[in-house]
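Listed here are the chains, written in short residue letters.
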Amino acid sequence: MITLFEMTFAKVIEWIPIWSYAKLLVTCWLVIPYFSGAAYVYEHYVRPFFVNPQTVKIWYIPRKKDIFSKPDDILAAAEKYIKENGPEAFEKLVNKADREAKNTSNTYTFYEENYRY
């Protein structure tokens, strides 16, 4: 990831004199077991995607045709969704979102006791 970042922003990074030191510090933080940097990144960013897979269905995409047209908002998108799919489908969508919000309201993640990192 660091190499990909470096290759993408090479022209900008040339102007940052401490980039090599910052890269060294990040790499040491990730690699040295005392700091547990890689375990932290795995537990907080990687593992939640595999433990709680979520599908994203985008049905609201705001579009603005010109300055004088009515801007799209969430109510207009909801009305459009109801017209296309019916009120029952909208109720299902709202209920599903409520259930997922209740299930994911706990911000703490519990792992198995015998899981080895």
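Residues numbered from 1 in each chain as written. Predicted model: local features only at pLDDT ≥ 70, side-chain atom pairs only at ≥ 80, totals over all residues. Heavy atoms only, no water.

Engineer: Give a detailed account of a nonpolar patch on the surface, specifying residues and quantitative values.
Structural biologist: On the surface, V26, W29, L30, V31, I32, Y34, F35, Y40, Y45, V46, F49 and F50 cluster together to form a nonpolar patch covering roughly 1,300 Å² of accessible area. For the nonpolar patch, the secondary-structure elements that each account for two or more residues are α3 (19-31) and α4 (37-51). In terms of residues, the nonpolar patch owes the most to one element, α4, which gives five residues. Counting through the fold element by element, F35 comes out in the loop between α3 and α4. (Patch = residues over 30% accessible without salt bridge, like charges linked within 9 Å, V, L, I, M, F, W, Y side chains within 5 Å. Areas by Shrake-Rupley, 256 points an atom, 1.4 Å probe, with all protein chains shown as cover. Salt bridge = Lys/Arg side-chain N within 4 Å of Asp/Glu carboxyl O. Helix = DSSP H or I, 4+ residues; strand = E, 2+ residues; numbered from the N terminus.)

Engineer: Account for the packing of helix α5 (residues 74-85) against helix α6 (residues 87-103), with residues named and values stated.
Structural biologist: Closest axis-to-axis distance for the α5/α6 pair is 7 Å, and the angle between their directions is 125°. Here α6 runs oblique to α5, going by the angle between their axes. Contacts from A78, Y81, I82 and N85 of α5 reach α6 at P87, A89, F90 and L93. Among the residues making up the contact of α5 with α6, the classes are represented as seven nonpolar, one polar and no charged. (Axes fitted to C-alpha atoms, helices over the stretch in contact; angles between N-to-C directions. Parallel < 35°, antiparallel > 145°, perpendicular 65-115°, else oblique. Contact = heavy atoms within 4.5 Å. Nonpolar A, V, L, I, M, F, W, Y, C, P; charged D, E, K, R; others polar.)

Engineer: If you had to explain the pattern of salt bridges to someone new, which residues and values would you point to?
Structural biologist: If charged atoms from side chains of opposite charge come close, those side chains can pair. Applying the stated criterion to the full structure yields one salt bridge. Salt-bridge contacts for E6 lead to K23; the nearest nitrogen and oxygen are separated by 3.2 Å. Highlighted residues: E6 in helix α1 (residues 2-8) and K23 in helix α3, separated in sequence by 17 residues. The exposure class of E6 is partly exposed, given its relative accessible area of 22%. For K23, a relative accessible area of 29% corresponds to the partly exposed category. (Buried < 20%, exposed > 50% of the residue type's maximum accessible area, 1.4 Å probe, protein only.)

Engineer: Please give an account of the packing of aromatic side chains that cites residues and values.
Structural biologist: Within this structure, the stated rule accounts for six aromatic pairs. Aromatic pair F5 and F9: ring centres 5.0 Å apart, planes at 50°, arrangement tilted. Plain terms: the ring middles of F5 and W19 are 5.6 Å apart, the flat faces sit at 45° to each other, and that makes the pair tilted. A residue pair is termed long-range when its members are at least 10 positions apart, and F5 in helix α1 and W19 in helix α3 qualify at 14 residues. Under the relative-accessibility criterion, F5 is labelled partly exposed at 38%. (Phe/Tyr/Trp six-rings, centres within 6.5 Å; stacked < 30°, edge-to-face > 60°.)

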